[in-house]
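What the coordinates show
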Amino acid sequence: SFPTRRSSDLDNWDAANVEVKSVAYHPKKPLGERDMSFGKVIYIERADVFLGEDGTHSDAHFRGLTRAKHVRLLWSYDLHLVSATLDEATGEPTELHCTVDVESAGTRPKKGTGTIHWVADCNAVDVTLNLYDNLFTVDEPLSDENKAEWLSFLNPKSLVVANGKVEASVLADGGLGFEDGEQKHFQFTRRGYFCVDKASTSAHPVLNRTTTLRDSR
């Protein structure tokens, strides 16, 4: 779960119940499986939540969680929004109260239901993320047309430093430290490819995004 993550408290899930699921590393390639825990508190992306009163998003293709539509949690259950706690100053949600449909496990999502990724609080590791993007906002900043004002095309978001949470399974095989000089690589669902920064330690993991993926729910 990435920088704009929001915690979701599952009202119908017992805090003492931690469910361990065996899930594939890759949806199509036989790269093995890892254990992933599911618990009462999970983190999801802010971009996957819309809190308009009538639950209708202006984008007809939006398949995230709304007051009117549920979503499927990847490898898990259908998630339904009950209520949201908002920041008084910004109006942004800080916590969601939801329920899960335990009967939906192992079933095919209903037509039109979006599927989103998540990480449980009991299975989450805090990381610093260097989100690199294109240095310029145009393809050819030094072309005859652009070179006189090439500095104006610098992308102010070419590097965004943010905090996020990732699965504890990324700590396997030596963790996220760079102490041994090994450059570890990861692909995160719907977010792109990352490598371990040279400043990363096991106590304070730092990951660099090397390329993005086209978002496809």
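One can find the structure itself at the top, above this paragraph.
Residues numbered from 1 in each chain as written. Predicted model: local features only at pLDDT ≥ 70, side-chain atom pairs only at ≥ 80, totals over all residues. Heavy atoms only, no water.

We now examine the pattern of salt bridges. Summed over all chains, the structure comprises nine salt bridges. For Asp48, the salt bridge identified is with Arg190, shortest N-O distance 3.0 Å. Here Asp48 is found in the loop between β4 (41-45) and β5 (71-73), whereas its partner Arg190 is found in the loop between β12 (185-188) and β13 (192-196), with 142 residues between them in sequence. In this structure, Asp48 and Arg190 share a single accessibility class: buried. (Salt bridge = Lys/Arg side-chain N within 4 Å of Asp/Glu carboxyl O. Helix = DSSP H or I, 4+ residues; strand = E, 2+ residues; numbered from the N terminus. Buried < 20%, exposed > 50% of the residue type's maximum accessible area, 1.4 Å probe, protein only.)

Moving on, we come to a nonpolar patch on the surface. The grouping of Leu135, Leu142, Trp150, Leu151 and Leu154 at the surface amounts to a nonpolar patch, some 500 Å² of accessible area in total. Given the relative accessible area of 37%, Leu154 is considered partly exposed. (Patch = residues over 30% accessible without salt bridge, like charges linked within 9 Å, V, L, I, M, F, W, Y side chains within 5 Å. Areas by Shrake-Rupley, 256 points an atom, 1.4 Å probe, with all protein chains shown as cover.)

Time to look at the packing of aromatic side chains. Counted under the stated rule, the structure contains eight aromatic pairs. Ring plane angle 50 degrees and centroid distance 5.7 Å describe the contact between Trp13 and Tyr77, whose orientation is recorded as tilted. Of this pair, Trp13 sits in the loop between β1 (5-10) and β2 (19-24) while Tyr77 sits in the loop between β5 and β6 (78-86), placing them 64 residues apart in sequence. One exposure class covers both Trp13 and Tyr77, and it is buried. Taken together, the aromatic side chains of Trp13, Phe38, Tyr77 and Trp118 make up a single cluster linked through ring pairs. When the ring centre of Trp75 is taken as origin, the NZ or CZ atom of Arg34, which lies over that ring, is 4.9 Å away. (Phe/Tyr/Trp six-rings, centres within 6.5 Å; stacked < 30°, edge-to-face > 60°. Lys NZ or Arg CZ within 6 Å of the ring centre and 35° of its normal.)

Within the fold, His70 resides in the loop between β4 and β5. Taking the relative accessible area as the measure of exposure, His70 reaches 19% and is therefore buried. Every residue in contact with His70, bar those within four places of it in the chain, is listed here: Leu65, Asp78, Leu79, His80 and Thr113. (Contact = heavy atoms within 4.5 Å.)

That is the geometry; function is a separate question.
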